[in-house]
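Coordinate analysis (summary)
Chain by chain, the residues run as shown.
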Amino acid sequence: NFRVGAVRQTLGSSYGVYAGLSTERPQISVAGAVDSTRAGEALKAIRAEIQSVRDGKDFDRQFAFARRAVVRNMINEQGEAEALAGQLAAAIRAGQSYDYFQGLARKVAHLTPGDVKAEVDRILRDERSVTLIQGPAPGVKDALTVNGIVGATKLPDVVHDEDD
């Protein structure tokens, strides 16, 4: 999340770009609204930050901060009833016992930069990435052009009936 914050902090082209990791399946998503007149440079900045993770730029220091934040959040969620209920439900859906997240927190605490770099190399490959761009046509065109994306597939328009 810190890495994609560059769109917000450096470019000032968004107030709400964020990154997330799904624990249900290996998926990292980056989403948020950007100023459509600056969509090209915003997408370029996001892609550059993802590439810097692949390249290992400042990795060990960023890893230490990220691991600490993840462990802290996992421990804090154990003390909040609603968050704990969410964790228990996720554990049940995954066929795990009630102490699954405590064990997971221990595993995260013992991760090394090498462990994470290996997963980055395995999962965060460019050929596995999918980019979905939504918005006004000029902004989408700018994002594609600035980033050299060719052969993009346009998804069909969806009509929403407000009465449904």
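Scroll up to find the structure.
Figured I'd write up the structure that's included with this text. (Residues numbered from 1 in each chain as written. Predicted model: local features only at pLDDT ≥ 70, side-chain atom pairs only at ≥ 80, totals over all residues. Heavy atoms only, no water.)

Turning our eyes to something else, we now look at the overall build of the protein. Within the protein, the regular secondary structure consists of seven helices and two strands. Tracing the protein from N to C terminus, the helices and strands come up as α-β-β-α-α-α-α-α-α. When each of the 164 residues of the protein is scored for burial, the buried share is 21%. Contacts in the protein between residues far apart in sequence, at least 24 positions, make up 56% of those at least 6 positions apart. Accessible surface, the protein: about 11,900 Å² in total, of which carbon and sulfur atoms supply 55%. (Helix = DSSP H or I, 4+ residues; strand = E, 2+ residues; numbered from the N terminus. Buried < 20%, exposed > 50% of the residue type's maximum accessible area, 1.4 Å probe, protein only. Contact = heavy atoms within 4.5 Å. Areas by Shrake-Rupley, 256 points an atom, 1.4 Å probe, with all protein chains shown as cover.)

This next bit is on the pattern of salt bridges. On inspection of all chains with the given rule, the structure shows six salt bridges. With a closest N to O distance of 2.9 Å, Asp58 and Arg61 form a salt bridge. The shortest N-O distance in the salt bridge between Glu119 and Arg122 comes to 2.9 Å. A residue pair is termed a helical-turn pair when its members lie 3 or 4 positions apart in one helix, as Glu119 and Arg122 do in helix H6 (residues 113–123) at three residues. Judged by its relative accessible area of 43%, Arg122 is partly exposed. (Salt bridge = Lys/Arg side-chain N within 4 Å of Asp/Glu carboxyl O.)

What follows deals with unusual backbone geometry. Residue Asp58 is not a glycine yet carries a positive backbone phi of 55°. The residue Asp58 is located in the loop between helix H2 (39–55) and helix H3 (59–78) in this model. Under the relative-accessibility criterion, Asp58 is labelled partly exposed at 36%.

Turning next to helix H5 (residues 100–109). If you check which residues of H5 are buried, you get Phe101, Gly103, Ala105 and Val108. Those residues of H5 hidden inside the fold are in contact with H3 and helix H4 (81–93).

The subject of this paragraph is the packing of H3 against H5. It is the contact of H3 with H5, at a shortest axis distance of 9 Å, that shows an interaxial angle of 160°. Judged by the angle between their axes, H3 and H5 are roughly antiparallel. Crossing handedness for the pair H3 and H5: left-handed. Counted together, Arg67, Val70, Val71, Met74 and Gln78 of H3 and Phe101, Gln102, Leu104, Ala105, Val108 and Ala109 of H5 form the full contact between these two elements. (Axes fitted to C-alpha atoms, helices over the stretch in contact; angles between N-to-C directions. Parallel < 35°, antiparallel > 145°, perpendicular 65-115°, else oblique. Left-handed = near helix turned anticlockwise from the far one by under 90°.)

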